[in-house]
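Spelled out from the first residue to the last, the chains are:
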Amino acid sequence: MVETGTTTVNDMWNTYLADEFEAVGIRALMGNGMAVFDDTSPEQVDEALAHNRAFAAQYADHPTVHPTVPVHSVYRATPELIDRAHALATERDLPFHMYLSETERENEECLAERGVTPTGWLDERGALDEHAVLAHCVHLTDDDRRRIAESGAGVAHCASANLKLGSGIADVPALDGVPVGLGTDGAASNNSVNLVREARTAALVHKREDPGAVTAQRVLDAMTCEAAAALGMADEIGSIEVGKRADVVLLDTSDPTLTPHIGDEGLLSNLIYSFHGRIETTIVDGDVVVKDGNAKTDVDGAAAAVQAFCERVDETDRPT
């Protein structure tokens, strides 16, 4: 991610990797993802909330690891979990991260069980507000969009993952007044987690009938200032301004995928539609984390360790 220019990631699950996120140098919003299944006990819910509370306290003042309170989705949550998780997010002024209306089935089941859409259910419980960071939002009604806009919540648009899983396409042009950030979803749903590739997909997928439906500038904003707003961090990141964190990426404008270009508009067009994503330098919180296109961490060593692990798992799973 840092080698393709991502300076901030919002991760739902991997608090156990906080040290690794810090070592790579990327800015990470993260929490202990919570979900309720048929066999989930009340004690497990208590433990999950306690874990998030402890993580929030541990990293309260960290410059690049920012605690969040993530709940998987409305179909993996009870009213009690939503209420308690959102109360924690409100108490500590943390993002409240959820998947929302990713699939049609999710909407249909919520309507059948609760009589409202997932967005409506969150709103009725008081959990739809400026703390909410809502991933996907593919199957929203006009009323859902109105509620989200009025609440101050942000949306993470994950076009490639939605396409890969056959979930549909979020109607970003219809999200008036809603800060929309660009997301990739996890590697299993996206593979590349390359935000530059994601930008091209997000720009193109909305142009089926109107080439101006989502412009290159709108996508650049979704990668930067709008993404920061969606995460509730517009005062700290998302643009280069005095007083904000020094999160910056440097590109080589002589790169063949960025040339030729005529003026700033031509460069922007190339950035969104043809750039391959190789960043010369990535700076997070004033620290250089990618130099000459390479992360400061041992990427080759990490890749070899993962490959060796996969081979051991493959060997173990083979029938005897």
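Refer to the structure presented above.
It should be emphasised that the depicted structure is a prediction, and the values quoted were computed from it without experimental measurement.

Draft legend 1. The arrangement of the packing of aromatic side chains in detail. Per the stated rule, a full pass over the model turns up 1 aromatic pair. Seen from their ring centres, Phe 55 and Tyr 59 are 4.7 Å apart, and the 40° between their planes marks the pair as tilted. Pair check on accessibility: Phe 55 and Tyr 59 agree, each one buried. For Arg 114, the ring lying beneath its charged end belongs to Trp 121, and the centroid distance is 3.7 Å.

Draft legend 2. Structural context of the state of the cysteines. Under the definition given, this model contains 0 disulfides. For Cys 110, which is in no disulfide, the shortest distance to another cysteine sulfur is to Cys 137 and amounts to 13 Å. The thiol of Cys 225 is unpaired, and the distance to the nearest cysteine sulfur, on Cys 158, comes to 18 Å.

Draft legend 3. Region of interest: the side chain of Asp 255. By the element assignment, Asp 255 lies in the loop between β9 (248-250) and α12 (263-273). For the buried Asp 255, which has no salt bridge, the nearest side chain bearing the opposite charge is Arg 278, at an N-O separation of 6.0 Å. Engagement of the side chain of Asp 255 in a polar contact is seen with the side chain of His 276, the distance being 3.0 Å.

Draft legend 4. Focus on helix α9 (residues 195-205). When α9 is considered as a whole, its buried residues turn out to be Leu 195, Val 196, Glu 198, Ala 199, Ala 202, Ala 203 and Val 205. For α9, the elements touching its buried residues are β7 (154-157), α7 (159-164), β8 (180-182), α8 (187-190), α10 (216-223) and α12. For α9, the capping residue at the N-terminal end is Asn 194, with a side-chain oxygen 2.9 Å from the backbone nitrogen of Val 196.

Draft legend 5. Focus on the pattern of salt bridges. Applying the stated criterion across every chain yields a total of 17 salt bridges. Among the ionic pairs, Asp 247 bridges to Arg 27, the shortest N-O distance being 2.9 Å. Pair noted here: Asp 247 is in the loop between α11 (225-230) and β9 and Arg 27 is in strand β2 (residues 27-30), with a separation of 220 residues, a long-range link. No difference in accessibility class separates Asp 247 from Arg 27, as the two residues are buried. As a salt-bridge pair, Glu 80 and Arg 84 come within 3.3 Å of each other at their nearest N and O atoms. Here Arg 84 and Glu 80 lie together in helix α3 (residues 79-92), a separation of 4 residues that amounts to about one turn.

Draft legend 6. Here's a closer look at the pairing of strand β6 (residues 132-136). Counting buried positions over the 5 residues of β6 gives 5, a clear majority of the element. Of the pairings in the sheet, the one linking strand β5 (residues 96-100) to β6 comprises 5 bridges and is parallel in character. Along β6, the bridge assignment pairs Leu 100 with His 136. Pairing between β6 and β7: 3 bridges, direction parallel. Paired with Leu 134 across the two strands is Val 155, which belongs to β7.

Thresholds, definitions, all that
- Residues numbered from 1 in each chain as written.
- Predicted model: local features only at pLDDT ≥ 70, side-chain atom pairs only at ≥ 80, totals over all residues.
- Heavy atoms only, no water.
- Phe/Tyr/Trp six-rings, centres within 6.5 Å; stacked < 30°, edge-to-face > 60°.
- Buried < 20%, exposed > 50% of the residue type's maximum accessible area, 1.4 Å probe, protein only.
- Lys NZ or Arg CZ within 6 Å of the ring centre and 35° of its normal.
- Disulfide = S-S within 2.5 Å.
- Helix = DSSP H or I, 4+ residues; strand = E, 2+ residues; numbered from the N terminus.
- Lys, Arg positive; Asp, Glu negative; His and termini not counted.
- Salt bridge = Lys/Arg side-chain N within 4 Å of Asp/Glu carboxyl O.
- Polar contact = N/O pair within 3.5 Å; in protein donor to acceptor, adjacent residues only side chain to side chain.
- Contact = heavy atoms within 4.5 Å.
- Pairing = 2+ DSSP bridges.

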